[in-house]
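Chain by chain, the residues:
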Amino acid sequence: MTALSTSTVRIDQVPLHKPWNRSRVTLVLVAIGAAVGSVWGLREVDLSLFSIIDGWPETQNLLERMWAPTIAAEDRGFLTGLVFDTFFMAYAGTAIGVLLAIPLAFLAASNVVPFAPVRMLARAVIVFTRAVPTLVFALVFVRVYGIGVLPGILAIGIHSVGMIAKLLADAIEDIDPGPREGVIATGAGRMQEMVTGIWSQIIPSVISISLYRLEIDFRGAPILGFVGAGGIGLAIRGYQGNLRYPELLGVTFLIVVLVLLMEMLSAITRRAILGSELGSASIGRGSSSGQAVLGVDDPHSVAMMSPATTGASAPSGSSAPWTRDRIKLNVAGWGALGLLVGSFTIPDVSIREFFTSIGDMPNVFWRLVPKDMTWLTDRVVNDLLETVAIGFASTFLALVVAVPLSFFAAANTAPSRMVYRFTRLLALLIRAAPDLVIAVILVAAIGLGPAAGTIALAFGMIGFATKLLADNIEEVPDAPRDGVFATGATRVQEVGTGVTPQVLPSMLGNMLYLFDISLRSSTVLGIVGAGGIGFLLNNAAKTLNFEVMGGIILSIFVIVYSIELLSSWVRRQVI
Amino acid sequence: MMSTPATAVEVSNLVKTFDGGRVRALDDVSFSVPEGQLLVIIGLSGSGKSTLLRHLNGLHQPTSGDVRVLGVDVPASKGAELRGLRRDVGFVFQQFNIVGRLSCVENVLSGALGRLRGPRVGAWMYPKAMRREAIEQLDRVGLADRAWQRTDTLSGGQQQRVAIARTMMQRPRIVLADEPVASLDPEISGQVMDVLFRLCLEDNITVLCSLHQVDLALGWANRLIGLRDGKIVLDTLVDETTAHEKVMDVYLRLDPDGKKIEEYQPSRSARASAEEELRRARRQAGAFATGRDAVETIDVRG
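Read on for a plain summary of the structure. Each chain has its residues counted from 1, running along the sequence as written. Here every chain gets a letter starting at A, and every ligand a number starting at 1, in the order they are written. Reporting in this predicted model follows two pLDDT cut-offs: at least 70 for local features of residues, and 80 or more for side-chain atom pairs to be given and counted; totals over whole chains, interfaces and linings ignore these cut-offs and use all residues. Note: side-chain values were computed over all heavy atoms of the structure, leaving out hydrogens and water.

## Observations concerning the overall build of chain A
What counts, and what does not: We count a stretch as a helix when DSSP gives it H or I for four or more residues in a row; a strand needs E for two or more, and each element gets its number in order from the N terminus. All radius of gyration figures rest on C-alpha atoms, and the globule criterion is 2.2 Å times the number of residues raised to 0.38. Only protein chains enter the accessibility calculation, which uses a 1.4 Å probe; a residue is then buried when its area is under 20% of its type maximum, exposed when over 50%, and partly exposed in between. The contact criterion used throughout is that any non-hydrogen atoms of two residues lie within 4.5 Å. All accessible-area figures derive from a Shrake-Rupley calculation using a 1.4 Å probe, and residue coverage is judged against the displayed protein chains alone.
On a plain count of helices and strands, chain A comes out with 22 helices and zero strands. What you see for chain A is a C-alpha radius of gyration of 26 Å, in line with the 25 Å of a compact globule of 575 residues. Counting only C-alpha atoms and orienting by the principal axes, one finds that chain A spans roughly 90 × 75 × 55 Å. A buried classification covers 54% of the 575 residues belonging to chain A. Sequence separation of at least 24 residues holds for 80% of the intrachain contacts in chain A that already meet a minimum separation of 6. When the accessible surface of chain A is split by element, carbon and sulfur atoms take 68% of a total near 24,600 Å².

## As for the overall build of chain B
Looking only at helices and strands, chain B has nine helices and 10 strands in total. Of all 302 residues assigned to chain B, the portion counted as buried reaches 55%. Accessible surface, chain B: about 12,500 Å² in total, of which carbon and sulfur atoms supply 48%.

## Description of the interface of chain B and chain A
Note the threshold: Accessible area, probed at 1.4 Å, shrinks when two parts are joined; the buried area is that loss added up over both. The salt bridge definition used is simple: a Lys or Arg side-chain nitrogen within 4 Å of an Asp or Glu carboxyl oxygen. For the purposes of these results, a polar contact is taken to be a pair of N or O atoms within 3.5 Å, where, inside protein, one atom must be able to donate a hydrogen and its partner to accept one; residues adjacent in sequence count only when each atom of the pair is a side-chain atom. All amino acids are sorted into three groups, where Ala, Val, Leu, Ile, Met, Phe, Trp, Tyr, Cys and Pro are nonpolar, Asp, Glu, Lys and Arg are charged, and the leftover types, Gly among them, are polar.
Chain B puts 61 residues into the contact, and the matching count from chain A is 63 residues. Summing both sides of the interface, chain B and chain A together bury roughly 5,700 Å²; the carbon and sulfur share of this comes to 58%. Note that E106 of chain B is salt-bridged to K18 of chain A, the shortest N-O span being 2.9 Å. Inspection of the chain B/chain A interface yields 11 residue pairs in polar contact (both at pLDDT 80 or more). If you list the elements that add at least two residues to the side of chain B that touches chain A, you get α2 (79-88), β6 (89-92), α4 (128-140), α5 (156-169), α6 (186-202) and α9 (265-282) of chain B. Counting residues per element, the side of chain B that touches chain A draws most heavily on α4 of chain B, at six residues. Looking at the side of chain B that touches chain A residue by residue, the classes come out as 24 nonpolar, 12 polar and 25 charged.

## Focus on unusual backbone geometry
Residue and element names in this part refer to chain B. In the Ramachandran plot, F96 falls in the positive-phi region, its phi being about 65° despite a non-glycine side chain. Tracing the chain through its elements places F96 in the loop between β6 and α3 (104-109). Since its relative accessible area comes to 9%, F96 is described here as buried. Non-glycine residue N204 carries a positive phi angle of around 55°.

## Quick look at the sheet that holds strand β1 (residues 7-18) of chain B
Residues and elements named next belong to chain B. We count it as follows: Two strands are counted as paired when DSSP detects at least two bridges linking them. Axes here refer to lines fitted to C-alpha atoms; in helices the fit is confined to the stretch in contact. Angles between the N-to-C directions go from 0 to 180 degrees.
If you walk across this open sheet you meet the four strands as β2-β1-β4-β5, and the pairing is antiparallel. The sheet terminates laterally at β2 (23-34) and β5 (72-73), the two strands that pair on one side only. Here β1 pairs with strand β4 (residues 64-69) via five bridges, running antiparallel. By the bridge assignment for β4, V15 is matched with S64. Together, β1, β2 and β4 form the strand contacts of helix α1 (residues 49-56), whose direction differs from that of β1 by roughly 125°.

## Some thoughts on the packing of helix α6 (residues 149-173) of chain A against helix α8 (residues 190-220) of chain A
Residue and element names in this part refer to chain A. For clarity, the cut-off: What makes a crossing left-handed is the near helix being turned counterclockwise from the far one by less than a right angle; a clockwise turn instead makes it right-handed.
Where α6 meets α8, the axes come as close as 10 Å, and the angle between the chain directions of the two elements is 145°. The way α6 lies across α8 gives a crossing that is right-handed. On α8, the residues touching I156, H159, S160, M163, I164, L167, L168, A171 and I172 of α6 are I198, I202, S205, V206, I209, Y212, R213, I216 and D217. Looking at the contact of α6 with α8 residue by residue, the class counts come to 13 nonpolar, three polar and two charged.

## Some thoughts on the nonpolar core
The condition is simple: Here, nonpolar core means buried Ala, Val, Leu, Ile, Met, Phe, Trp, Tyr and Cys residues that are tied together by side-chain atoms lying within 4.5 Å of each other. Domain start and stop points were drawn from an automatic or database domain assignment.
Counting residues in hydrophobic clusters, the biggest one holds 100 residues, and the most contacted among them are V140, F141, I153, F226, L248, L436 and M549 of chain A. Summarising the domain contributions, this core has at least three residues from each of domain 1 (18-47 + 382-575) and domain 2 (71-309 + 324-363) of chain A. Ignoring any residue separated from it by four or fewer positions in sequence, one finds I153 of chain A in contact with M89, A92, G93, I96, V349 and F354 of chain A. The next biggest cluster of nonpolar side chains, apart from the first, holds 59 residues, and it includes L38, F96, L102 and L211 of chain B.

## Some words on α2 of chain B
Put simply, the rule is: By arc we mean the arc of the directions from the helix axis to the C-beta atoms, nothing more.
Of all the residues in α2 of chain B, the buried ones are L82, L85 and R86 of chain B. End-on, the buried residues of α2 of chain B take up no more than an arc of 100°, which puts them together on one face. Where α2 of chain B is buried, its residues touch α19 (479-485) of chain A together with α1, β4, β5 and β6 of chain B.

## Some points on the sheet that holds strand β9 (residues 223-228) of chain B
Whenever strands of a sheet pair, they do so through backbone hydrogen bonds, lying parallel or antiparallel. Residues and elements named next belong to chain B. Across the sheet, six strands lie side by side as β6-β7-β8-β3-β9-β10; this open sheet has mixed pairing. Taken across any chain shown, the strands that pair with only one partner, and hence form the sheet edges, are β6 and β10 (231-237). For this sheet, the mean inter-axis angle between neighbouring strands, taken without regard to orientation, is 15°. In this structure, strand β3 (residues 38-42) lies alongside strand β8 (residues 206-211), joined through five bridges in parallel fashion. Bridge pairing in β8 links L39 to L208.

## Notes on the pairing of β4 of chain B
Residue and element names in this part refer to chain B. Here β4 pairs with β5 via two bridges, running antiparallel. Its bridge partner lying in β5, V69 is registered against V72. Counted along the chain from β4 to the antiparallel partner β5, the turn is two residues long, and its residue L70 has a positive phi close to 50°.

## Structural notes on the side chain of S210 of chain B
Residues and elements named next belong to chain B. The residue S210 is located in strand β8 in this model. Only 2.9 Å separates the side chain of S210 from the backbone nitrogen of E179, close enough to count as a polar contact. Among residues more than four places away in sequence, those in contact with S210 are I41, K49, L53, A177, D178, E179 and P180.

## Observations concerning the pattern of salt bridges
All names here are of chain A. Tallied over the entire structure, the rule returns 30 salt bridges over all chains. Residue R481 pairs with E494 through a salt bridge whose shortest N-O separation is 3.1 Å. One end of the pair, R481, is in helix α19; the other, E494, is in helix α20 (residues 491-522), and 13 residues separate them in sequence. On the basis of relative accessible area, R481 is assigned to the buried category, the value being 0%.

## Here's the deal with the pairing of β2 of chain B
Regular strands place their side chains on alternate faces of the sheet. All names here are of chain B. Here β1 runs beside β2; their pairing, made up of eight bridges, is antiparallel. Note that in β2 the partner of T7 across the bridge is P34. What sits between β1 and β2 in their antiparallel hairpin is a turn of four residues, with D19 showing a positive phi close to 55°.

## Some details on helix α21 (residues 534-542) of chain A
Residues and elements named next belong to chain A. The set of residues buried in α21 consists of G534, L536, L537, N538, A540 and A541. The inward-facing, buried residues of α21 abut α5 (134-145), α15 (378-408) and α22 (546-574). Positioned one or two residues after α21, L544 has a phi angle of 55°, which is positive.

## Quick look at the environment of A452 of chain A
Residue and element names in this part refer to chain A. Within the secondary structure layout, A452 lies in helix α18 (residues 450-474). It is 14 Å that separates the C-alpha atoms of A452 and I533, two residues lying 81 residues apart in sequence. Residues contacting A452, with those up to four places away along its chain left out, are L442, V443, I446, G447 and A530.

## Quick notes on a nonpolar patch on the surface
Residue and element names in this part refer to chain A. To keep it simple, the criterion reads: Surface patches are defined over residues having more than 30% relative accessible area and no salt bridge, joining like charges when they lie within 9 Å and nonpolar side chains (Val, Leu, Ile, Met, Phe, Trp, Tyr) when within 5 Å.
Judged by side-chain polarity, W20, V25, V28, L29, I32 and V36 come together as a nonpolar surface patch covering roughly 580 Å² of accessible area. Examined against the element boundaries, V25 turns out to sit in helix α1 (residues 22-44). What makes V25 partly exposed here is its relative accessible area of 36%.

## Things to note about the side chain of S110 of chain B
On the secondary structure map, S110 of chain B appears in the loop between α3 and α4. Filtering out sequence-adjacent residues up to four positions away, S110 of chain B remains in contact with V484, T487 and T497 of chain A together with Y126 and R166 of chain B.

Shown next, in the form of structure tokens:
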């Protein structure tokens, strides 16, 4: 008819059903896998509505014994000390993590190290430290170095290395090669090339990643005391042992308040530092103090980069002018350094002991390597399966609540501003209570076993999941929604057709990530008797059976890592 | 008072100001459109074309004046009544506003949402008859062979044709097209205009289309309205004798020396504020999207 009739098919040849393609098949397989896994998990952990209803009288009884939460007057001084310990433990741990992660990230970046085996080795370290939970490291280090803050610092540091180094290595691989070539062209040496060509470009990433990690570690630090690694968790363990429930609940609330405070503090810091010049990647004046923020107190490296970087913004011989941003960054930098010093003096950690322990690390890890397979008993296999079951069941329960909730917590789909604010606040509050603490309370209420752990994990995850998924929804562009809206669709229809398809890939990615997290958390629940492999791990630690510990850690690693590989494969298929 | 059925759109003394009266986007605009007319509104960007069209399906509230579409008092209606009107009034956007991740059929199907109750996510949730209808609409715009392809894999012109098919799926009585070809190259523009006006003629649909290409306007319109600075400066029926120069005059009077364009800067910002207000009005939740820190978008494996 016209030039437009490019269509070559007859209209009755067009199928009325969506054809099956790769990503659609993957999606359905994932859905089936998730459904089967969830049903299996819920059965395995023996969790049903009935068991919750049956257990209610006991729960109520316990809640009555817990009420009202108190902070015992005679413990106040002791608790204050523990609060400071927790803070500095997290801080020093993150700082060490950053320090160790920087060289590791360089070694893992393909545009720095062309020699593949070195890169693979660095990547292996990253993957391993990331997959093993902080609490598991803490369990090991407490046995080696004794009860106290030091094993806590080491555990946080070692586990943090993985995540920081991974993100940093990605940042290094993403840098603009131009400036680096420019530096090479001036005849600079290898080290100068690294510092001026690469390091100067990744400083903003280093700072933001470190701050982000610090937030995570502040959340994780309060529970490390459960295994004797210092901090406020010691108090929870003590109260639990003595059945002092009102005090237990009191400390729980104290932890929630602390976590919220930390959150605010880190948000303020983030805005102050990243909102200034570093955000816009002006390197010259930000660099030296930027390093100090991370606790990189090596004056040599600062001195090395100064000529190259300040020289760019100031005439030769003079130094960079003291702008507002520079002052701000310097305050932050020196403050960070001061805190690091404080971390070692206030909780009274011997620096000498610290460095000995770092040097001793390879030895510790060697002791963990199982020399035979006797550790792999039926009980271990059984508990590992239970761990996976808890992971499935708790993720499922959390998502059932969090997915609908996230549409109320997203600014662009919430029915009103009030609902949005309320849901966000709710998510924030739920998130602030560490799941292990909830598990302690639930174990006391409904007894030992995986059911308590599953509920605790699911509850704790609702907050995080709601936040994460709501953030996904908020990133959806408006224009397609306008199009649906203009056809006369209702609000609900508009969200269904205009938002859901757009948000699906990122939501799916985050759901897999949540499963990943819950799997890692479920490995440690057993430490408080809430099911999973943690129980045997804790027992092995108590009896100083290092090879069994090592074997279990290795199997945790294998499970967590294979889930991660699987989820990254799914993500690639669907996006 | 009911308008006579023969009148599709009746606008009288319409005034729209933004930013508390500082920007006057529409200044005492009155006109009426009989059913079946193909009306093109021309004018520079910022002359008020978009703002005018958006009043006709209730995306904007007038500051003063009357807007009646298909006998409905648009500013006074809300909820189900307004949605009912929107079903009868299709809207074609400059940026297509389709859901890129969905297939063409699924995008076209979303035009039928007004006929259904409750949300729909994928094609399988629509009745079979509707799916067939959607494929027919795609055939009308020449894209039946792309039916199940993801829409974001198509070219711009093809995407706009999918959007037109979606509008047709609504079975509208009026189509409002807001610069439907502004983001397409000239050759494709002609094709897309061709599709849009041909389908509307076939289905006896009234069209109000804003454009800034005078040539395209003359090729398709029964009637032209020229807007300048929120006022109607030209209103003429079009036939073969309508001189290109006469229409161009609308532009020439604006810009004989290339200097006056600058005076239109405030009107351009009127467009921006109009869009902003649209968003605000549209979502009761309002413009309170939270600013998140960059790092949280990094895929972090804790």
